[in-house]
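Chain by chain, the residues:
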Amino acid sequence: MNTFRFQFFTLFLMALICTGCSSLLPRSTQTNELPWSSYEQAQQIFDSITPEKTTLDELHQLGIRPERTPNVSLLNHTDVMRRLAITANLDLQFLPPQVRKCIASHHSCHAYEIEQKHLYHERHGNFWMDFLNFRRQTNTVGWQFDALIIMQDELVVYKLWSGKPNILQQEEERSPLGPLQGVGTTQWRR
């Protein structure tokens, strides 16, 4: 009877080892403290900003203020020039007139740079292959929204945005030697 229990336990343990326990694999979420819960919401807020009409107070009412909103940077006029890749060789006539006027005003020209993202990383596949470092598979999904809002004094004069509404990245790492991969190189370096 004991040999039967031992065989059953061994069979059960082998079945557990051979199956992928993906629920045991790590997951992580990378978010900035977001004032917006989705890419669409960020886009709607950005679309409601009208150059030469929206004021600094109205931006603050929309939730865009560097002192309270994470990942919103305050830029001075030289930072604005750097972001727009303005160099001594670039003719300023290619810039919109509002931006040229703002940059010419120097200290009254500033901008908000917004970088918002929400990423979810999930490893999947066979737990033991992942745990022993033979094969790791990771999916990353989410979104990212970036914007530049240029202001002269208290008035928005120009806005620019870019983003990734639907991020999907798949990564797979294979190490044929598993946990032994790289052991030889670290021994030789000592």
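Every value quoted in this text rests on a predicted model; they were computed, and no experiment measured them.

Caption draft 1: Here's a closer look at the side chain of Gln116. The residue Gln116 is located in strand β3 (residues 109-124) in this model. Polar contacts involving the side chain of Gln116 include one to the main-chain carbonyl oxygen of Pro70, which spans 3.0 Å.

Caption draft 2: Main features of the state of the cysteines. With the rule as written, the count across this model stands at one disulfide. Disulfide pairing is shown between Cys102 and Cys109; the S-S distance is 2.2 Å. The sign of the 105° torsion about the S-S bond sets the Cys102-Cys109 disulfide as right-handed. Among the residues examined, Cys102 registers a relative accessible area of 0% and is labelled buried. By relative accessible area, which is 2% here, Cys109 ends up buried.

Caption draft 3: Representation of the nonpolar core within the structure. Counting residues in each nonpolar core, the largest one holds 18 residues, and the members touching the most others are Leu59, Ile64 and Ile149. Within the residue set of this core, elements represented by two or more residues are α2 (39-47), α3 (56-61), β3 and β4 (135-152). Residues in contact with Ile149, not counting those within four places in the same chain, are Phe46, Ile49, Leu59, Ile64, His110, Ala111, Tyr112, Ile114, Val156, Tyr158 and Lys159.

Thresholds applied
- Within any chain, residue numbers begin from 1 and follow the written order of that chain's sequence.
- Owing to the predicted nature of the model, reporting of local features is limited to residues with pLDDT of at least 70; listing and counting of side-chain atom pairs is limited to 80 or more, with chain, interface and lining totals taken over all residues.
- Hydrogen atoms and water are omitted, and side-chain values are computed over all heavy atoms in the structure.
- The helix and strand labels rest on DSSP assignments: H or I over at least four residues marks a helix, E over at least two residues marks a strand, and numbering proceeds from the N terminus.
- Whenever two N or O atoms come within 3.5 Å, that pair is a polar contact, provided that in protein one can donate a hydrogen and the other can accept it, and provided that, for residues adjacent in sequence, both atoms are side-chain atoms.
- In this description, a disulfide is simply a cysteine sulfur pair whose atoms lie within 2.5 Å.
- Only protein chains enter the calculation, and the probe is 1.4 Å; a residue is then buried if its accessible area is under 20% of its type maximum, exposed if over 50%, and partly exposed in between.
- Definition of nonpolar core: a set of buried residues of the types Ala, Val, Leu, Ile, Met, Phe, Trp, Tyr and Cys, connected through side-chain atoms within 4.5 Å.
- Any two residues having at least one pair of non-hydrogen atoms within 4.5 Å are treated as being in contact.

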